[in-house]
Amino acid sequence: MKIGVLGAGMMTEALAAGWARAGHDVLIGGRTPDKTVDLAERIGARAGTLREAAEFGDAVLIAVLLAGLEETLRAAGAPEGTLAGKTVIDCGNAVDISDFSQVTYEGGSSMAEQVARLSPGAHVVKAFNQAHAAVWRMRPPVFEGRPLAVPFAGGQGGKATARALIADLGAEPLDAGDIKQARHLEAMAIIVIRLLFSGYDPLSVFAFSSPDRADEAITSR
Ligand SMILES: NC(=O)c1ccc[n+]([C@@H]2O[C@H](COP(=O)([O-])OP(=O)(O)OC[C@H]3O[C@@H](n4cnc5c(N)ncnc54)[C@H](OP(=O)(O)O)[C@@H]3O)[C@@H](O)[C@H]2O)c1
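Residues numbered from 1 in each chain as written. Predicted model: local features only at pLDDT ≥ 70, side-chain atom pairs only at ≥ 80, totals over all residues. Heavy atoms only, no water.

The protein chain appears in an unreviewed UniProt entry as Pyrroline-5-carboxylate reductase catalytic N-terminal domain-containing protein from Actinacidiphila paucisporea.

1. Let's talk about the packing of helix α1 (residues 10-21) against helix α2 (residues 33-43)
Cut-off, in case you're wondering: Convention adopted: a line fitted to C-alpha atoms gives each axis, helices being fitted over their contacting stretch, and angles between N-to-C directions are expressed from 0 to 180 degrees. Counting from the N terminus, the helices are the DSSP runs of H or I reaching at least four residues and the strands are the DSSP runs of E reaching at least two. For this classification, under 35 degrees means roughly parallel, over 145 means roughly antiparallel, 65 to 115 means roughly perpendicular, and everything else is oblique. Whether a crossing is left-handed or right-handed is set by the direction in which the near helix is turned from the far one by less than a right angle, anticlockwise for left-handed and clockwise for right-handed. Residue contacts follow a heavy-atom distance rule, with two residues in contact if any of their heavy atoms lie within 4.5 Å. All residues other than Ala, Val, Leu, Ile, Met, Phe, Trp, Tyr, Cys, Pro, Asp, Glu, Lys and Arg, Gly among them, are scored as polar; the first ten of these are nonpolar and the last four charged.
Put simply, α1 and α2 touch, their axes get as near as 9 Å, and they point 40° apart. Comparing their axes, α2 and α1 come out oblique. Seen along the crossing, α1 lies across α2 with a hand that is right-handed. Here T12, E13, A16, A17 and A20 of α1 come into contact with α2, specifically with L39, R42 and I43. Looking at the contact of α1 with α2, its residues break down into five nonpolar, one polar and two charged.

2. Re the site of the ligand
The following threshold applies: If even one non-hydrogen atom of a residue comes within 4 Å of a molecule or strand, that residue is called near it. Polar contacts here mean pairs of N or O atoms no more than 3.5 Å apart (in protein, one a potential hydrogen donor and the other a potential acceptor; neighbouring residues in sequence count only if both atoms are side-chain atoms). In these tables, accessible area is a Shrake-Rupley quantity obtained with a 1.4 Å probe, and a residue counts as shielded only by the protein chains included in the view.
Taken together, 23 residues sit near the ligand, with A8, R31, T32, K35 and A133 positioned nearest. Here K35 contributes a side-chain N or O atom positioned 2.8 Å from an oxygen atom of the ligand. V64 is positioned such that a nitrogen or oxygen atom in its backbone is 2.9 Å from an oxygen atom of the ligand. Considering the ligand on its own, with 900 Å² of exposed area, one finds that the protein chains cover 83% of that surface. When contributions to the shell around the ligand are tallied by element, the ones reaching two or more residues are α1 and α4 (69-75).

3. Re the UniProt feature "domain: Pyrroline-5-carboxylate reductase catalytic N-terminal" (unreviewed entry) in the protein chain
Stated formally: UniProt positions are given in the numbering used here, feature names are shortened, and annotations may be inferred rather than shown by experiment.
The UniProt record annotates "domain: Pyrroline-5-carboxylate reductase catalytic N-terminal" (unreviewed entry) at residues 2-93. Annotated as residues 2-93, this span is 40% helix and 23% strand, and its ends, taken at the C-alpha atoms, are 25 Å apart.

4. A few points about the side chain of T82
Relative to the elements of secondary structure, T82 occurs in the loop between α4 and β5 (87-90). At a separation of 2.8 Å, a polar atom in the side chain of T82 contacts the main-chain carbonyl oxygen of A76. At 3.0 Å, the side chain of T82 and the backbone oxygen of G77 are in polar contact. Here T82 is in contact with R51, A54, E55, A76 and G77, once residues within four sequence places are set aside.

5. Looking at a nonpolar patch on the surface
Using the following cut-off: Each patch is built from residues that are more than 30% exposed by relative accessible area and take part in no salt bridge. Like charges join if they lie within 9 Å; nonpolar side chains (Val, Leu, Ile, Met, Phe, Trp, Tyr) join within 5 Å. Each reported salt bridge corresponds to a side-chain nitrogen of Lys or Arg within 4 Å of a carboxyl oxygen of Asp or Glu. Each residue is assigned to one of three classes by its accessible area relative to the maximum for its type, calculated with a 1.4 Å probe on protein chains only: buried under 20%, partly exposed between the two thresholds, exposed over 50%.
A contiguous nonpolar surface patch, about 350 Å² in accessible area, is contributed by M188, I191, V205 and F206. Tracing the backbone through its elements, the reader meets I191 in helix α8 (residues 182-197). For I191, a relative accessible area of 48% corresponds to the partly exposed category.

6. Overview of the sheet that holds strand β8 (residues 123-126)
Let me state the cut-off plainly: By this definition, two strands are paired if DSSP reports at least two bridges between them.
Spatial ordering of the open sheet is given by β3-β2-β1-β4-β5-β8-β11-β12, a layout of eight strands whose pairing is mixed. If you trace the sheet from one side to the other, it starts and ends with β3 (46-48) and β12 (172-175), each paired once. Between one strand and the next, the sheet's axes are offset by a mean angle of 30°, whatever the strand orientation. Here β8 pairs with strand β11 (residues 149-154) via two bridges, running antiparallel. Across the sheet, residue K126 finds its bridge partner in β11, namely A153. The sheet contacts of α1 involve β1 (2-6), β2 (25-29) and β4 (59-62), and relative to β2 the element is tilted by about 160°. Of the strands in this sheet, β5, β8 and β11 are in contact with α8, which crosses β11 at around 140°.

7. Digging into the packing of aromatic side chains
Defined as follows: The rule is short: rings of Phe, Tyr and Trp, with Trp giving its six-membered ring, pair when the centres are within 6.5 Å, and they are stacked under 30 degrees, edge-to-face over 60, tilted in between.
Evaluation of the coordinates by the stated rule reveals three aromatic pairs. Between W19 and F128, the aromatic rings sit 5.7 Å apart at their centres with planes inclined by 70°, giving edge-to-face as the arrangement. Residue W19 is located in helix α1, and its partner F128 is located in the loop between β8 and α6 (133-136); the two are separated by 109 residues in the primary sequence. As far as burial versus exposure is concerned, W19 and F128 are alike and both buried. An angle of 85° between the planes, with centres 5.5 Å apart, marks the rings of F100 and F197 as edge-to-face. With F100 in the loop between β6 (95-96) and β7 (101-102) and F197 in helix α8, the pair connects residues that are 97 residues apart, well separated along the chain. The rings of W19, F128 and W136 are connected pair by pair, giving a single aromatic cluster.

Put into structure tokens, the structure is as follows:
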């Protein structure tokens, strides 16, 4: 598959390297050319502008900081339709880290819904926002013998591609519903980030690590 990536930071390095390794043709578009070329060379991808990446990909990952979201989408030509008909995956965290409050848009909507608003015709899917970049660098991300489950939320038009790209990293796709469910995935990520910042392993809160163990705990009560 042809994958365009908007952004040349840590998440791009982790996710796009996995997709390049899985045999996909990846073009990274960044606002800082030297950094973008350097990253692309390191992970076996091509480098270009934000607009080139948007036009190139059948699937397009957006991996920029929230502060740069609108500027990035405009530079990529999204409002003019460069992302129309494509699966657009948003991995962003909609959080104000100064007080861990959630950043929302019109009517309490999510960052993913804002991406959809700015990208007419795109099939936007929220995914990859629940785990740290270090997890996405794992080949494969497997914990206690089980592959990482990756919840994703979006319209039907983008689900098959999102599933395939999650599976290509060795993780397990977990359908979390339509694009409105992105609000919950974004809120959930804030809890996870807050736990990590406080030195907790999120597994200490989400304690049941397998359905069997959950059954055991319930029947032993
Ligand atoms: N890191 C994680 O563990 C993690 C995990 C899950 C989700 N996320 C989310 O994934 C997204 C990307 O995170 P990251 O860790 O890859 O961030 P990063 O390493 O800081 O890279 C961010 C990218 O965004 C661009 N950018 C930053 N500010 C911008 C602005 N004001 N205008 C335009 N572009 C701007 C940067 O451009 P330059 O290349 O010019 O610097 C860079 O390419 C974020 O929304 C983050 O919350 C991160």
